[in-house]
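Commentary on secondary and tertiary structure
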Amino acid sequence: LGAASASVTVDLTLEMAAQVPFTLIGLGLLLVGHAAPELAAWVLRGLGVAVAVLAALIAAQRFGLLRVLEERLLRLARRHGWRRVEAIKGLHAATVAVYRSPWRITAGVLCHLASWLLGALEVWAAFWALGRPVSLEDALIVEALGQAFHSLGFAVPGALGVQEGGLILICGLLGIPAPIALGLSLLKRVREVVLGLPGLLAWHLCERTPRRSPRHPDAWTRTTKEEPGT
């Protein structure tokens, strides 16, 4: 559990790191093809804050934040008898070990950047399906800046309203009508639901299915304690 949690934590951090150059690519394309200095200044200020937060987050992960979290979780696990949570031991050491592999970190950032760029193809296909085809360049602008607005709305559950407002603003600069922008946002949310529900169902089935104990491969772990003699 400690190694898995460390991998997920670092992976999410790398995703944030890859979004910075992705947003800059979209912003550069917007400034070259469309005059939007006020929006550019606003996005750059947001990126400045994001880079500062990202740097602080990486430093905190490497120099003790996860050690504190690990100790708190272990204390809670011992107090409440959460045996599975006790496997979190080693979270801080595993995280530091991941950051000591620069090639893997670089590969992770590049994979995330490629995924962000592929998102532009999704937007391009969505506009085509909505009957308002756009160029790949404009699709990249919409996806890059739209995802930036979505990230800035992290405090709002699902970025409800923030994503829609950002897409309307960006599409307006590109001459795309507001109803089409709302349609794009709706398609994105439908995709999130379609992908999310099977994941929740799989999680539910995994929790209900008996699993083999890692220490005793032939013994099945159970969620309830058996009475002596049963």
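The sections below set out a description of the structure shown in this document.

About the thresholds
Residues numbered from 1 in each chain as written. Predicted model: local features only at pLDDT ≥ 70, side-chain atom pairs only at ≥ 80, totals over all residues. Heavy atoms only, no water. Helix = DSSP H or I, 4+ residues; strand = E, 2+ residues; numbered from the N terminus. Contact = heavy atoms within 4.5 Å. Areas by Shrake-Rupley, 256 points an atom, 1.4 Å probe, with all protein chains shown as cover. Expected span 1.5 Å × (residues − 1). Buried < 20%, exposed > 50% of the residue type's maximum accessible area, 1.4 Å probe, protein only. Patch = residues over 30% accessible without salt bridge, like charges linked within 9 Å, V, L, I, M, F, W, Y side chains within 5 Å. Salt bridge = Lys/Arg side-chain N within 4 Å of Asp/Glu carboxyl O. Lys, Arg positive; Asp, Glu negative; His and termini not counted. Charge placed at Lys NZ, Arg CZ, Asp CG, Glu CD.

1. Observations concerning the overall build of the protein chain
Looking only at helices and strands, the protein chain features eight helices and two strands. The order of α-helices and β-strands along the protein chain, N terminus first, is α-α-α-α-α-α-α-α-β-β. Sequence-distant contacts in the protein chain: of pairs separated by 6 or more residues, those separated by 24 or more amount to 65%. When the accessible area of the protein chain is evaluated, it comes to approximately 14,500 Å², of which 68% is carbon and sulfur surface.

2. As for helix α5 (residues 102-129)
With 28 residues, α5 extends 41 Å from end C-alpha to end C-alpha; this agrees with the ideal 40 Å at 1.5 Å per step. Every buried residue of α5 is accounted for by I105, G108, H112, L113, W116, G119, A120, V123, A126 and F127. Immediately downstream of α5, the backbone of G131 shows phi near 80°, a positive value.

3. What to know about a positive patch on the surface
A surface patch of like charges, here positive, comprises R72, R75, R78, R79 and K89. Its place among the elements puts K89 in the loop between α3 (65-80) and α4 (91-99). According to the relative accessible area criterion, K89 is exposed, its value standing at 63%.

4. Digging into a nonpolar patch on the surface
Judged by side-chain polarity, L118, L121, W124 and L136 come together as a nonpolar surface patch covering roughly 400 Å² of accessible area. It is α5 that provides the largest number of residues to the nonpolar patch, a total of three residues.

5. Details of the environment of L74
Within the element layout of this structure, L74 appears in helix α3. Sequence-wise, L74 and A87 are 13 residues apart; in three dimensions their C-alpha atoms are separated by 8.6 Å.

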